[in-house]
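# Structural overview for review
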Amino acid sequence: MTDLDLLRLERCLDRLLDLPAGAPGATIGVARDGRILAHRSAGLASVELGVPIGPGTNFRIASVSKQFTCAAILLLAREGRLAPSDPIRRHLPQLPAILDSITLDHLMRNTSGLRDMLELNRLGGVDLGTPLAEEELDASIARQSTLNFPPGTRYLYCNSGFRLLGQVVERLSGQSLAAFLETRFFTPLGMTRTRHTPSVATPIPNLATGYLPEGGGFVRATQGFPLGGEGGLVSCVEDLMLWADAMAKGALGHLAAELEALVPFPNGEPGRYARGLQADAWRGLDTVSHGGLWPGYKTAYLRIPAKGLTVVAIANNAALDPAAFANAAAAAALAGDADLLAEPPAIDRASMVGTWLCEEDGLSLDFGEDGVARMHGVPYALAPTADGRLAALRGSFPFIAAPPRDGVLEVEFDAGRRRNFRRASTVPAPMLDGNWSCPELATRWHIEGGSVQAAGPVRTAVAPWRVEALTPRNLRVHIPSSLFPAWADVVVSEDGRALTVNAGRARGLVFERA
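Residues numbered from 1 in each chain as written. Predicted model: local features only at pLDDT ≥ 70, side-chain atom pairs only at ≥ 80, totals over all residues. Heavy atoms only, no water.

## Examining the overall build of the protein chain
A count of helices and strands for the protein chain gives 11 helices and 29 strands. For a compact globule of 514 residues, the expected C-alpha radius of gyration is about 24 Å, and the protein chain comes in at 22 Å, within 12% of that figure. With the C-alpha coordinates aligned to their principal axes, the bounding extent of the protein chain is approximately 70 × 55 × 50 Å. For the protein chain, long-range pairs separated by at least 24 residues make up 62% of all intrachain contacts whose partners lie at least 6 apart in sequence. (Helix = DSSP H or I, 4+ residues; strand = E, 2+ residues; numbered from the N terminus. Rg over C-alpha atoms; globule rule 2.2 N^0.38 Å. Contact = heavy atoms within 4.5 Å.)

Okay, here's the thing in C-alpha cells:
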C-alpha cells in the first residue's frame, strides 16, 4: 500500500469510530502480510473513571475464544491422545446416554444437536447477569434427554459443546484450560495479553468495562456466568493479529487448515461452519471469521487468507456493530483490488417489514424498518446477495430471505432447509392458566392472565413474562435478556395439554400441564 492508501484506510477507521464524547467505544485494527497497517481506537474503556480505549486496552472476546478451544483439541489429536471422531462420552462418561452418538467433531462444528446451556438457563429464568456456579451450568447440560436434531444432520450454534470440549482438554492434559492455552499457544506466539478467565470476578489489568445502552446513556453490564471453552478469553487487537499471523505462516504446522476444513451435510449441502470458525464468501473473496457477544462486549475477527488480510474490531459498547466495522475496514484496505467485487445492489425491503410465522416449524420472525431481521429476539443485520436475497452478516446465523411472493416469505436456514413464512398479527391469547413443567429444564411455568412466571432450578424469574399470541396455537413468550429483548416461540398442542417451546438454540422442549 502507498502512503496515500494508508491515509485513506486510517481516515476510514476514524470515520467508523466517530463516536459521541463520554461514551464507551471500540478499537479496530487492520494487518496485512505480517504488517499492522492501522490501529485506531475511540471512546472510553471506563466511563466512570474517564479512561480512554487505547492500544493497551483488553476486552472479553467471548465466542472468538472457540477457535482456541478447537485448536487445543486438534493439538491433542496430533499427539495421539484423542481423535476428532471420538464420541464425547469416551472422554466425559458422566454425560447422559443421549449424547452417545455425538463426536468431538460434531461439537466443534455446531452440528451435535445438543441444546445451548445459555438458552436452557434463560428459559428457566436465569439471564447472563445472574451469578451461576460451574456445577449449575453442567447440570443444565446433563438433564437433556432429547436433542435438537440427530447429530451431524444440521447446524445450530451451541455453547454447551465448546464447554464440554474445554473439559476434555483439561481431563486429557491434566492442566486447566487456562494453563494449556497459555503454555501451548499464548506464550510461544507472544500473546502476552491474552488469558483464559473462568471467573468474571477475576481482576484483569487494562480490561475495558462492558456497557449497555439505557435511557439515552449507558449502564455497566452485569455478568454472572462462569466461562469455559465457549468464551472465556480476554484479549486485544494486537494479540489476535499475532494469532492470525501464526495461522497464515503455519507457525503451528497445519493447524489453520485443520481449523478451517469444512464438511458437507449428509444431504450434500455444504457446511459453512468449520471448527470454531465460520467460512464464508464476501464480495467474491473467501473469508474466515467469527464473532463474539457477551454483555457489554462485541468482537469481530475476520481473515481473508488469499489477500493476507486480517481485521479485528472490538467494542465495549453494546450499541456498536464491530462486524459492520470489520467489513468496512476490509473494503477500505482492499480498495482498487480487482478481485473485490462490487456490493450487490440494494433490495427494497418495504414488503418484508412486519411479523412472519412458519406454522410448520413453530417459528416466527420480525423484519424491522431498520433493515434488521430478528428471530427469538436475536438481531440479524442483513446484506444483499448476488441472487437478490438478503443474508445475515453474522455467519453464526444461517439466514437468507427472499422478498415475499404471493404473501409467502421464503427463508433458507442451515443445511439448505427452506421454510415458508406468512404474515402474522396479534390475536387473543388462548386460556392456558395453570402450572406447566418441563423435566429437561427442571423448570415450572405458571401461566396466569397472559403472563408466565418461570421457576427454574436456580431461581424464580424476577418478573413475569408477557405472552403474545400470533394464532390460537402459536405464541410468543417475551423473555428479558441483557443481550437483546428475547422471545421463545411456543406451540400449543391440539388437546391443549402440552406446549412445545422453540428458542434460538434450544428446540422442541415440551412443557406439560402439572
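Let's pick the thread back up.
## Quick word on the sheet that holds strand β17 (residues 378-384)
Paired through backbone hydrogen bonds, the strands of a sheet run either parallel or antiparallel to each other. Strand order in the closed barrel made by the eight strands is β14-β15-β16-β17-β18-β19-β20-β21, with antiparallel pairing throughout. Across three bridges, β17 lies against strand β18 (residues 390-392) in antiparallel orientation. Looking across to β18, one finds that L382 is bridged to A392. (Pairing = 2+ DSSP bridges.)

## Overview of helix α7 (residues 159-173)
Helix length check: α7 (15 residues) gives 22 Å between terminal C-alpha atoms against 21 Å at 1.5 Å per residue, within 8%. By the criterion of burial, α7 is predominantly enclosed, with 12 of the 15 residues buried. Residues of α7 that are buried: N159, S160, G161, F162, R163, L164, L165, G166, Q167, V168, V169 and S173. Where α7 is buried, its residues meet α2 (66-78), α3 (88-91), α4 (104-109), α5 (117-123), α6 (134-142) and α8 (177-189). Phi turns positive, to about 75 degrees, at G174, one or two residues after α7. (Expected span 1.5 Å × (residues − 1). Buried < 20%, exposed > 50% of the residue type's maximum accessible area, 1.4 Å probe, protein only.)

## Thoughts on empty space enclosed by the protein
Taken as a whole, this structure holds two cavities of 30 Å³ or more when the rule is applied. Looking at the largest cavity, its volume works out to about 70 Å³. In terms of lining, the largest cavity is formed by L120, N121, G124, V126, S140, R143, Q144, E440, L441, T443, P457 and V458. Considering only enclosed or pocket space, the second largest cavity measures out at about 40 Å³ in volume. Elements with a contribution of two residues or more to the lining of the second largest cavity: β23 (443-448) and β26 (474-479). Looking at the lining of the second largest cavity residue by residue, the classes come out as nine nonpolar, no polar and no charged. (1 Å grid on protein atoms, 1.4 Å probe; cavity = no way out; pocket = protein on both sides within 12 Å on 5 of 7 lines; lining within 4 Å. Points joined across faces, edges and corners; volume = space filled by probe spheres on them. Nonpolar A, V, L, I, M, F, W, Y, C, P; charged D, E, K, R; others polar.)

## Some words on the pattern of salt bridges
In a structure, side chains of opposite charge can pair up when their charged atoms sit close to one another. Here the structure, examined in full by the defined rule, presents 32 salt bridges. Between E440 and R115 there is a salt bridge, with the nearest N and O atoms lying 2.9 Å from each other. With E440 in the loop between β22 (434-438) and β23 and R115 in the loop between α4 and α5, this pair connects stretches of sequence that are 325 residues apart. As far as burial versus exposure is concerned, E440 and R115 are alike and both buried. Between E119 and R122 there is a salt bridge, with its nearest N and O atoms 2.6 Å apart. (Salt bridge = Lys/Arg side-chain N within 4 Å of Asp/Glu carboxyl O.)

## Quick look at the pairing of strand β1 (residues 26-32)
Of all seven residues in β1, six are buried, a share of seventy percent or more. Bridge count between β1 and strand β2 (residues 35-42): seven bridges; the pairing is antiparallel. Its bridge partner lying in β2, R32 is registered against R35. Linkage of β1 to β2, two consecutive antiparallel strands, is achieved through a turn of two residues, within which D33 is found at a positive phi near 50 degrees. Sheet topology places β1 next to strand β13 (residues 309-315); seven bridges connect them, and they run antiparallel. The partner of A31 across the bridge, within β13, is T310.

## Notes on the layout of surface pockets
Put simply, the second largest pocket is a space of about 830 Å³. In this structure, the second largest pocket is lined by 49 residues; those nearest its centre are E119, Y157, F397, G504 and R505. Secondary structure elements with two or more residues in the lining of the second largest pocket: α5, β11 (285-294), β17, β27 (486-492) and β29 (506-513). Considering each element in turn, the lining of the second largest pocket owes the most residues, five residues, to β11. Classifying every residue of the lining of the second largest pocket by side-chain character gives 25 nonpolar, 12 polar and 12 charged.

## Describing the environment of A274
Structurally, A274 can be placed in the loop between α10 (255-260) and β10 (278-282). Classification of A274 as buried rests on a relative accessible area of 1%. In sequence terms A274 and E258 are 16 residues apart; their C-alpha atoms lie 8.7 Å from each other. Ignoring any residue separated from it by four or fewer positions in sequence, one finds A274 in contact with M108, R109, L259, E260, A261 and L262.

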